[in-house]
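# Understanding the architecture of this molecule
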Amino acid sequence: MTLYEYTIAPFSEFAFMRRALAACLALSLGCGPIGVFLMLRRMSLMGDALSHALLPGVAVGFLLAGFSLPAMTAGGFVAGLGVALLAGTASRLTVLREDASFAAFQLISMALGVLLVSTRGGNVNLLHILFGSVLAVDDQALLLTASIASLSLELLALLYRPLLIDSFDPGYLPRHDSSSGGWQMLFLALVSMDLVAGFQSMGALMAVGIMMLPAIAARFWAREVWSLMAVGILLALLSGVTGLLLSYHHRLPSGPAIILTAGALHLFSLLFGRFGLFPARFRGRGRHRRG
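Our subject in this report is the structure included herewith. (Residues numbered from 1 in each chain as written. Predicted model: local features only at pLDDT ≥ 70, side-chain atom pairs only at ≥ 80, totals over all residues. Heavy atoms only, no water.)

### Overview of the overall build of the chain
Scanning the chain for helices and strands turns up 14 helices and zero strands. Along the chain, helices and strands appear, N-terminal first, in the series α-α-α-α-α-α-α-α-α-α-α-α-α-α. The buried share of the chain, taken over its 291 residues, is 49%. As displayed, the chain has an accessible area near 14000 Å², and 68% of this comes from carbon and sulfur atoms. (Helix = DSSP H or I, 4+ residues; strand = E, 2+ residues; numbered from the N terminus. Buried < 20%, exposed > 50% of the residue type's maximum accessible area, 1.4 Å probe, protein only. Areas by Shrake-Rupley, 256 points an atom, 1.4 Å probe, with all protein chains shown as cover.)

### What about the side chain of Ser-269?
Here Ser-269 shows up in helix H13 (residues 254-272). Its relative accessible area of 2% is what places Ser-269 among the buried residues. Residue contacts for Ser-269: discarding those within four places in its chain leaves Ala-217, Phe-220, Trp-221 and Gly-276. (Contact = heavy atoms within 4.5 Å.)

### So, helix H5 (residues 55-65)
Listing the buried residues of H5 in full gives Leu-55, Pro-56, Gly-57, Val-58, Ala-59, Gly-61 and Phe-62. Looking one or two residues past H5, Gly-66 carries a phi angle of roughly 70 degrees, positive in sign.

### Re the environment of Gly-76
Mapped onto the elements of the fold, Gly-76 is located in helix H6 (residues 69-93). Its relative accessible area of 1% is what places Gly-76 among the buried residues. For the pair formed by Gly-76 and Ala-197, sequence separation is 121 residues and the distance between their alpha carbons is 9.8 Å.

### Considerations on unusual backbone geometry
Non-glycine residue Arg-42 carries a positive phi angle of around 55 degrees. Mapped onto the elements of the fold, Arg-42 is located in the loop between helix H3 (15-40) and helix H4 (44-53). A relative accessible area of 75% means that Arg-42 is categorised as exposed.

### What to know about the side chain of Ser-109
Considering the arrangement of structural elements, one finds Ser-109 in helix H7 (residues 98-120). For Ser-109, a relative accessible area of 7% puts it in the buried group. The contact partners of Ser-109, leaving out residues within four places of it in the chain, are His-52, Ala-53, Pro-56 and Val-83.

### Things to note about the layout of surface pockets
Taken as a whole, the largest pocket holds about 510 Å³ of empty space. Lining of the largest pocket is provided by 22 residues; of these, Met-43, Met-46, Glu-98, Asp-99 and Phe-102 occupy positions nearest its centre. Going through the elements one at a time, H4, H6, H7 and helix H11 (180-218) are the ones with two or more residues in the lining of the largest pocket. Looking at side-chain class alone, the lining of the largest pocket contains eight nonpolar, six polar and eight charged residues. (1 Å grid on protein atoms, 1.4 Å probe; cavity = no way out; pocket = protein on both sides within 12 Å on 5 of 7 lines; lining within 4 Å. Points joined across faces, edges and corners; volume = space filled by probe spheres on them. Nonpolar A, V, L, I, M, F, W, Y, C, P; charged D, E, K, R; others polar.)

### A few points about the environment of Val-225
Relative to the assigned elements, Val-225 resides in helix H12 (residues 225-250). The class for Val-225 is buried, based on a relative accessible area of 9%. Taking the C-alpha atoms as reference, Val-225 lies 7.9 Å from Val-36; in sequence the two are 189 residues apart. Beyond its immediate chain neighbours, meaning those up to four positions away, Val-225 contacts Phe-37, Leu-40, Tyr-160, Leu-164 and Phe-168.

The structure is reproduced here in structure tokens:
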């Protein structure tokens, strides 16, 4: 098999591969920058909690309307936003820290969602909702994913300054801006929206992977926030393209193939990135010899 047949031919010959590629591009643009801010704000695990929190809303949408993308998307967004509001309110009004509050509501939501789908929808439907299939993305799902990614970038531009300030000085906005709580909730709504965009392609359990793994890997290549976002987008897109090709040629599930590719890029970045393990050790030895 030639390089062209392995890399270009699947996308040129099959419309479903082109739709999957376009979906991966939209997810990379929408989720990559959000993942960077989750990492900078030490909220990486909160993204995972919100991805699981979508499940009961998606399940209710499925039970009411079957595999109706608008119904499942609306249900997932409402569920994710509801869990964010409940967890944030509980952490402000009680002694419970925000991460523990999110963990509690996430586990309740995930168990409720799995129970609803498995008892009313069957195991096949449960697997589809949990893991998705980017190769099955149709025109409607692609349009929705692209629309959410575009809206996400616009809202991120609006939130960029307060998010940047709060990432490096968490105490500044609460002291000088009475609406800081509103910025926080709007950001969590933005995270939920992007996770909903990834739900159709990656499933409820895998969507957070395309958001967080490239962003974390970017930390080993860049330092400035803008460059972290740019590298995160590129790594997410590379993960998507490579995962799609592996899935097509080797008959692998597309979502896990993409996320495992992102994981492999993360491990490579950790070891060999500009600020990774080995380059940092070599720089340290060079300074020691010069000293």
